[in-house]
Amino acid sequence: MTEKIIEAVRELIGNDMLTTVLISMIPIVELRGAIPAAMTMGLQPLVAFALAWAGSAIVSPILLLILRPVLNWMKKYKLFASLAHAVEDGFKSKAMKVIGKDGGGMLDGAQLKKLERKKMLGVYLFVAFPIPLTGVWTGSAIATFIDIPFWKAMAMVWLGNLTAGGIVTLLAFFLKEHMNTVLDIFFVIVILVLLLFIVRTALKMVKNKKQAKLQASSGSAQGADVSQDGETSECIEVSKDVVNEENIVENCNQSATNDEIKTAHTAVKKADGDKSADKDKSNGDGDDR
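The structure contained in this document is the topic of the report that follows. Remember, predicted model here, so these are calculated numbers, not experimental data.

1. Things to note about the pattern of salt bridges
Right, on to step 1. Scanning the entire structure with this criterion turns up 5 salt bridges.
Right, on to step 2. Two residues, Arg10 and Asp16, come together in a salt bridge whose shortest N-O distance is 2.7 Å.
Right, on to step 3. Residue Arg10 is classed as partly exposed on the basis of its relative accessible area of 24%.
Right, on to step 4. In this structure, Asp147 engages Arg68 in a salt bridge whose closest nitrogen and oxygen atoms are separated by 3.1 Å. Here Arg68 lies in helix α4 (residues 45–75) and Asp147 lies in the loop between α7 (136–145) and α8 (150–174), a separation of 79 residues in the sequence.
Right, on to step 5. Residue Arg68 is classed as partly exposed on the basis of its relative accessible area of 32%.

2. Considerations on the nonpolar core
Right, on to step 1. Within the largest apolar cluster, 27 residues are counted, with the highest numbers of intra-cluster contacts made by Leu71, Val123, Ile142, Ile146 and Ile148.
Right, on to step 2. Elements that contribute at least two residues to this core include exactly α4, α5 (78–99), α6 (109–128), α7 and α8.
Right, on to step 3. Of all hydrophobic cores here, the second largest spans 25 residues; its members include Ala34, Ala38, Met39 and Ala164.

3. What about the packing of α6 against α8?
Right, on to step 1. The contact between α6 and α8 brings their axes to 7 Å, and the two run at 30 degrees. The pairing of α6 with α8 is recorded here as roughly parallel in orientation. Of the two elements, α6 crosses α8, and the hand of that crossing is right-handed. Counting all contacts with α6, which are made through Glu116, Met120, Val123, Tyr124, Val127 and Ala128, the residues of α8 involved are Lys152, Met156, Val157, Leu159, Gly160, Asn161, Thr163, Ala164 and Ile167.
Right, on to step 2. For the contact of α6 with α8, the class distribution of residues is 10 nonpolar, 3 polar and 2 charged.

Rules and cut-offs
- Residues numbered from 1 in each chain as written.
- Predicted model: local features only at pLDDT ≥ 70, side-chain atom pairs only at ≥ 80, totals over all residues.
- Heavy atoms only, no water.
- Salt bridge = Lys/Arg side-chain N within 4 Å of Asp/Glu carboxyl O.
- Buried < 20%, exposed > 50% of the residue type's maximum accessible area, 1.4 Å probe, protein only.
- Helix = DSSP H or I, 4+ residues; strand = E, 2+ residues; numbered from the N terminus.
- Core = buried A, V, L, I, M, F, W, Y, C linked by side-chain atoms within 4.5 Å.
- Axes fitted to C-alpha atoms, helices over the stretch in contact; angles between N-to-C directions.
- Parallel < 35°, antiparallel > 145°, perpendicular 65-115°, else oblique.
- Left-handed = near helix turned anticlockwise from the far one by under 90°.
- Contact = heavy atoms within 4.5 Å.
- Nonpolar A, V, L, I, M, F, W, Y, C, P; charged D, E, K, R; others polar.

Such coordinate-based values are descriptive only and should not be taken to indicate function.
In structure tokens, the structure reads:
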């Protein structure tokens, strides 16, 4: 099955060396599949190794430069945002496994240098292990998300790819009599890994959408609570104003009543004084007579 696929690609391109380079640039397949394929086409092991390494190495600086900008651009559009977040989460998860628990907190100069060396070694070992999804594509993405400087990241990815290429070349050389079987097994593994990656990405997209909906609903609920609290406060203030107005009216009424009482007392006193004066006047007239 794999032999027929290689022959079809070989006839389409028309050049075995170029075919090897192009195969090595394909995600998941990369150098791990390109070297056995090149040896199946009749290329010498060292030639197959050099071409496959060169083809896969071209991808690294491109990814280191454009991966984050592309994902940030995708996040701006609703159509691609969930996919961008899911891919980024997947790479960040792998990145955290590389640096372990030493990536956070305040570090001094010596600790920062030690952490950077650990990151670089982690990327190298990750890429050097020759299985699908641990190659140049994923290694470059991990180096991007753990903030290794460009030239150091590229050096570690290329060195790890060199190690992986050497291991694959030795295995292919010793298993050349069973190369077609090896390629068939590798092809099946690639398909399974690709399906697993698609499923995991789809699940992360669904999870991110649910979290976004929950955050939106909780935000709306908090807004409603704030609005309700505001209305309640306004009602309390209005009630206080009403009570204050009633107290003012009652005080005014009470003051008016007190004024009326004082006026009445004054009038009574004045009347009593007038009566006393009239009586005294009458008594004085009687004496004169």
